[in-house]
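In case you want the letters, here they are:
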Amino acid sequence: MSIGRLAARALIGGLFIGHGTQKLFGWFGGPGRAGTAGMMEALEMRPAKVHAVVAGTTETAGGALLAAGLATPLASAALTGVMTTAIRKVHLPNGPWAANGGWEYNAVLIGALTALTETGPGDLSLDRALGIERTGPAWALGALATGVGTAFATMALGCRGKPGTVATTQSDAVEAAQGDTAGDPTTTGI
């Protein structure tokens with residue numbers, strides 16, 4: 001089972017690293033900070049430039065921690081927060097199905113993160129090698145609650161920020177983000 005957990009961590013963590021670096025550096029055809037800031041402004045996540053950097057950094061660092069199996073509950077909480085924000089700010093109105101721009105992809109990732117936290121990152125992880133592995137239902141529920149709670153607090157604070165001069169509509173956000181919407185490959189229906 002350790003091989004399965006290693007493969008899941010490497011795949012999910014690697015994809016989050018890719019999405020984070022799209023936001024931060026424009027790698028892999030991503031929008032970079034300017035495009036991500038435009039998306040954040042349209043989603044009322046203000047100040048948009050700060051939220052763009054925070055989202056990209058959270059995805060990159062959280063993905064790296066997850067892939068390495070280091071501080072797994074923290075990685076899970078961070079990535080759950082990003083996915084919760086994506087669900088609430090982008091995908092919720094579109095229903096569950098990803099083909100319609102819905103939230104199923106994000107929810108599956110949250111489920112996988114929660115499962116990896118409950119079972120632990122496995123023998124082939126830095127948590128295990130360093131003797132700091134934290135597992136079980138309490139850690140999984142704690143990471144899930146922390147991620148969701150932090151996302152809602154961040155969204156509430158973001159809405160209070162003063163509008164910037166970046167993109168001001170959701171269609172502007174789609175153009176600015178060049179198809180990348182907070183870690184989800186589907187932009188239909190934004």
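A brief report on the enclosed structure follows. Since this is a predicted model, take the numbers as computed values, not measurements. (Residues numbered from 1 in each chain as written. Predicted model: local features only at pLDDT ≥ 70, side-chain atom pairs only at ≥ 80, totals over all residues. Heavy atoms only, no water.)

## So, the nonpolar core
Listed in full, the 12 residues of the largest apolar core are I12, F16, L66, A75, L79, V82, M83, I87, L109, I110, L113 and L116. Listing elements by their share of this core, those giving two or more residues are α1 (2-25), α4 (72-91) and α5 (104-119). For this core, the element with the most residues is α4, which contributes five residues. Leaving out residues up to four positions away in the same chain, L116 has contacts with R5, A8, R9, I12, L66, T72 and P121. If you look at the next biggest cluster of nonpolar residues, it comprises 11 residues, including M39, V90, A151 and M155. (Core = buried A, V, L, I, M, F, W, Y, C linked by side-chain atoms within 4.5 Å. Buried < 20%, exposed > 50% of the residue type's maximum accessible area, 1.4 Å probe, protein only. Helix = DSSP H or I, 4+ residues; strand = E, 2+ residues; numbered from the N terminus. Contact = heavy atoms within 4.5 Å.)

## Regarding the packing of α4 against helix α7 (residues 137-160)
As a packed pair, α4 and α7 sit with axes 7 Å apart at the nearest point and diverge in direction by 45°. Relative to α7, the element α4 lies oblique. Between α4 and α7 the crossing geometry is right-handed. In this structure, α4 uses P73, S76, A77, T80, G81, T84, T85, R88 and K89 to contact α7, whose residues at the interface are W139, A143, L144, T146, G147, V148, A151, F152, M155 and C159. Of the residues contributing to the contact of α4 with α7, the split by class is 10 nonpolar, seven polar and two charged. (Axes fitted to C-alpha atoms, helices over the stretch in contact; angles between N-to-C directions. Parallel < 35°, antiparallel > 145°, perpendicular 65-115°, else oblique. Left-handed = near helix turned anticlockwise from the far one by under 90°. Nonpolar A, V, L, I, M, F, W, Y, C, P; charged D, E, K, R; others polar.)

## Looking at the pattern of salt bridges
Per the counting criterion, the structure on display carries four salt bridges. Two residues, E133 and R128, come together in a salt bridge whose shortest N-O distance is 2.5 Å. Linked by salt bridges that have partners in common, D123, R128 and E133 make up one network. (Salt bridge = Lys/Arg side-chain N within 4 Å of Asp/Glu carboxyl O.)

## Describing the packing of α1 against α5
Helix-helix packing is characterised by the crossing angle of the two axes and by the distance between the axes. One can describe the packing of α1 onto α5 by two numbers: an axis separation of 11 Å at closest approach and a directional angle of 135°. Here α1 is positioned oblique relative to α5, judged by the angle of their axes. Between α1 and α5 lies a crossing of left-handed hand. The segment α1 lies against α5, with R5, A8, R9, I12, F16 and H19 engaging Y105, L109, A112, L113, L116 and T119.

## Section: the environment of G30
By secondary structure assignment, the location of G30 is in the loop between α1 and α2 (32-42). Sequence separation between G30 and G18 is 12 residues, and the spatial gap between their C-alpha atoms is 9.0 Å.

## Structural notes on the packing of aromatic side chains
Where two aromatic rings form a pair, the distance of their centres and the angle of their planes describe that pair. For the structure on display, the rule yields two aromatic pairs. Note on F25 and W27: the rings are 4.9 Å apart at their centroids and 35° apart in plane angle, and the pair reads as tilted. Between the aromatic rings of W27 and F28, the centroid separation amounts to 6.5 Å while the plane-to-plane angle is 85°, which identifies the pairing as edge-to-face. Among the residues examined, W27 registers a relative accessible area of 46% and is labelled partly exposed. The class of F28 is exposed, set by a relative accessible area of 62%. Taken together, the aromatic side chains of F25, W27 and F28 make up a single cluster linked through ring pairs. (Phe/Tyr/Trp six-rings, centres within 6.5 Å; stacked < 30°, edge-to-face > 60°.)

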